[in-house]
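# Examining the three-dimensional arrangement
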Amino acid sequence: MSTSMKKQVNRYFHNIPTVRLIVTVETVETDIVAQVDDLIGARRYGEITHPAMRNRAELVRLTIAEKLARDVRK
């Protein structure tokens with residue numbers, strides 16, 4: 001697999017090509033990051049019930065998909 005193709009394929013998506021989306025949060029919004037971490041269980045062990053389970057990127061993907069679905073229905 002070439003280097004450029006390797007960066008486009010992610011093992012979490014079972015070798016399906018992916019596109020990166022980078023999200024930046026200002027340092028004054030660190031409480032938002034803490035709330036996200038608490039929601040997905042990033043700082044604790046044991047039973048995690050949220051679908052994103054310790055994965056900020058998955059939470060962002062799920063949130064965007066949900067928002068788009070709501071906007072399309074309007």
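Just so we're clear, the structure is a prediction, and the values are computed from it rather than from any experiment. (Residues numbered from 1 in each chain as written. Predicted model: local features only at pLDDT ≥ 70, side-chain atom pairs only at ≥ 80, totals over all residues. Heavy atoms only, no water.)

## Observations concerning the overall build of the protein chain
Rule in force here: The helix and strand labels rest on DSSP assignments: H or I over at least four residues marks a helix, E over at least two residues marks a strand, and numbering proceeds from the N terminus. For every residue, the accessible area (1.4 Å probe, protein chains only) is compared with the maximum for its type, and the residue is labelled buried under 20%, exposed over 50%, or partly exposed between those bounds. Contacts are residue-level and defined by heavy atoms, with any inter-residue pair within 4.5 Å sufficient. Here the open area of atoms and residues is found with the Shrake-Rupley method and a 1.4 Å probe, where only the protein chains shown may cover a residue.
The helix and strand tally for the protein chain stands at three helices and zero strands. Listing every helix and strand of the protein chain by position from the N terminus yields α-α-α. Residues counted as buried form 12% of the 74 residues belonging to the protein chain. Residue pairs at least 24 apart in sequence account for 5% of intrachain contacts in the protein chain once pairs closer than 6 positions are excluded. For the protein chain, the exposed surface amounts to about 6,800 Å²; the carbon and sulfur share of it is 57%.

## Details of helix H3 (residues 56-73)
Our working definition: Helix span, as expected, comes to 1.5 Å for every residue beyond the first. Side-chain atoms alone can form a polar contact between residues adjacent in sequence; in general such a contact is a pair of N or O atoms within 3.5 Å, and within protein one must be able to donate a hydrogen while the other accepts it.
Here H3 contains 18 residues, and its C-alpha end-to-end distance of 26 Å stays within 8% of the 26 Å for a straight helix at 1.5 Å per residue. Two to three positions downstream of the cap, the backbone nitrogen of Ala-57 sits 3.1 Å from a side-chain oxygen, assigning the N-cap of H3 to Asn-55.

## Concerning the pattern of salt bridges
The cut-off we apply is this: A carboxyl oxygen of Asp or Glu within 4 Å of a side-chain nitrogen of Lys or Arg is what we treat as a salt bridge.
In the structure shown here, the tally under the stated rule is four salt bridges. One salt bridge connects Arg-56 with Asp-37, and the closest N-O pair in it is separated by 2.8 Å. Separated by 19 residues along the polypeptide, Arg-56 in helix H3 and Asp-37 in helix H2 (residues 30-40) bring together distant segments of the chain. Given the relative accessible area of 47%, Arg-56 is considered partly exposed. Residue Asp-71 pairs with Lys-67 through a salt bridge whose shortest N-O separation is 3.1 Å. A residue pair is termed a helical-turn pair when its members lie 3 or 4 positions apart in one helix, as Asp-71 and Lys-67 do in helix H3 at four residues. A residue is classified by how much of its surface remains accessible, and Lys-67, at 40% relative accessible area, is partly exposed.

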